[in-house]
Amino acid sequence: MITALRRGLLVLLAVLPLFSHAALTAHQVIQKTTDELLADLKANKEQYRSDPAAFYDSLNEILGPVVDADGISRSIMTVKYSRNATPEQMKRFQENFKRSLMQFYGNALLEYNNQQIRVLPPSGKQDPKRTSVGMEVVGRQGEIYPVSYTMVNDGEWRVRNVIINGINIGKLFRDQFADSMQRNGGDLDKTIDGWAEVVARAKDTEAGQQAVGDE
């Protein structure tokens, strides 16, 4: 059975912008991309199940350009560590981050089984540079899982952060990065190269938090 968290995770991929839609609002981009990505998944799901590597590569090709990898990476590292990182280290971390993100969320997306997804209408005055987009995933029993996306506009809308059922993914990753730096004695290269393991620990942490919340 898919946990509430994983139901939320699959929506992250479902709503990321597929193309550049500078003329569209963040909400319009999300709605359009939800339809396009889920249609692609429906057409190729069996192939993706038998070839996960191809699926991750496809996700990275589609979603990588529209994730604010630089902003997310610096946020995860925080100024404490990013200010001392070389351009090569930042680039390597961004690449590792995007690859692990596709693997982390790809499995959740493969478990999508026609759950209802609703893009909530914008409320109040919208900032042209930064906004939040609300979503709801409705489970088979009618349970509702809220998702909130922080999107930034630097000429096109990009995803900066996501909060899934009350769990702030950006904060969770920041905590995991700081913990990994401490475990590695402040060795930034070792932490960057081991980021996949950091993400795996974050996944376990989220699952544990969700299990407690469901009790």
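For the structure itself, consult the block above.
Keep in mind that what you see is a predicted model, and the values were worked out from it rather than measured.

About the thresholds
- Residues numbered from 1 in each chain as written.
- Predicted model: local features only at pLDDT ≥ 70, side-chain atom pairs only at ≥ 80, totals over all residues.
- Heavy atoms only, no water.
- Helix = DSSP H or I, 4+ residues; strand = E, 2+ residues; numbered from the N terminus.
- Buried < 20%, exposed > 50% of the residue type's maximum accessible area, 1.4 Å probe, protein only.
- Contact = heavy atoms within 4.5 Å.
- Core = buried A, V, L, I, M, F, W, Y, C linked by side-chain atoms within 4.5 Å.
- Expected span 1.5 Å × (residues − 1).
- Polar contact = N/O pair within 3.5 Å; in protein donor to acceptor, adjacent residues only side chain to side chain.
- Phe/Tyr/Trp six-rings, centres within 6.5 Å; stacked < 30°, edge-to-face > 60°.

Enquirer: Before we go on, may I ask you to explain the overall build of the protein chain in this structure?
Expert: Tallying secondary structure elements over the protein chain gives 8 helices and 5 strands in all. Counting from the amino terminus, helix and strand elements in the protein chain follow one another as α-α-α-α-α-β-β-β-β-β-α-α-α. Looking at the protein chain as a whole, 50% of its 215 residues qualify as buried. Here the contacts in the protein chain between residues at least 6 apart in sequence split such that 60% fall between residues at least 24 apart.

Enquirer: Which parts of the structure should I look at to understand the nonpolar core?
Expert: When a protein is soluble and globular, its nonpolar side chains tend to lie buried together. Formed by 46 residues in total, the largest nonpolar core has its most connected members in Met77, Phe177 and Trp195. For this core, the element with the most residues is helix H5 (residues 87-110), which contributes 8 residues. Excluding residues within four positions of it along the chain, Met77 makes contact with Ser82, Ala85, Met90, Phe93, Phe177, Leu188 and Ile192.

Enquirer: Please explain helix H6 (residues 169-183) as it appears in this structure.
Expert: The α-helix advances 3.6 residues per turn, and as a result positions three or four apart in sequence lie on the same side. For H6, which comprises 15 residues, the first-to-last C-alpha distance of 21 Å matches the rise-based estimate of 21 Å (1.5 Å per residue) to within 8%. Two to three positions downstream of the cap, the backbone nitrogen of Gly170 sits 3.1 Å from a side-chain oxygen, assigning the N-cap of H6 to Asn168. Looking one or two residues past H6, Gly185 carries a phi angle of roughly 65°, positive in sign.

Enquirer: Would you take a moment to explain the side chain of Thr191 for this structure?
Expert: Structurally, Thr191 is set in helix H7 (residues 188-193). Classification of Thr191 as buried rests on a relative accessible area of 0%. Within the structure, Thr191 has its side chain in polar contact with the backbone oxygen of Asp187 (distance 3.1 Å). If we skip the residues at most four places from it in the chain, Thr191 touches Phe177, Ser180, Met181 and Asn184.

Enquirer: Explain unusual backbone geometry to me, please; I cannot follow it from the model alone.
Expert: Its identity as a non-glycine residue notwithstanding, Thr78 has a phi of 70°, on the positive side. Mapped onto the elements of the fold, Thr78 is located in helix H4 (residues 69-82). Even without glycine at this site, Asn165 takes up a positive phi of about 50°. Relative to the assigned elements, Asn165 resides in the loop between strand E4 (157-164) and strand E5 (167-168). Overall, the relative accessible area of 26% leaves Asn165 in the partly exposed class.

Enquirer: What am I meant to see in the packing of aromatic side chains here?
Expert: Each pair of aromatic rings is reported with the distance of its centres and the angle of its planes. Scanning the entire structure with this criterion turns up 8 aromatic pairs. With a centroid separation of 5.1 Å and an interplanar angle of 75°, the aromatic rings of Phe93 and Trp195 are classed as edge-to-face. Residue Phe93 is located in helix H5, and its partner Trp195 is located in helix H8 (residues 195-214); the two are separated by 102 residues in the primary sequence. By way of ring pairs, the aromatic residues Tyr81, Phe93, Phe97, Phe173, Phe177 and Trp195 are connected into one cluster.

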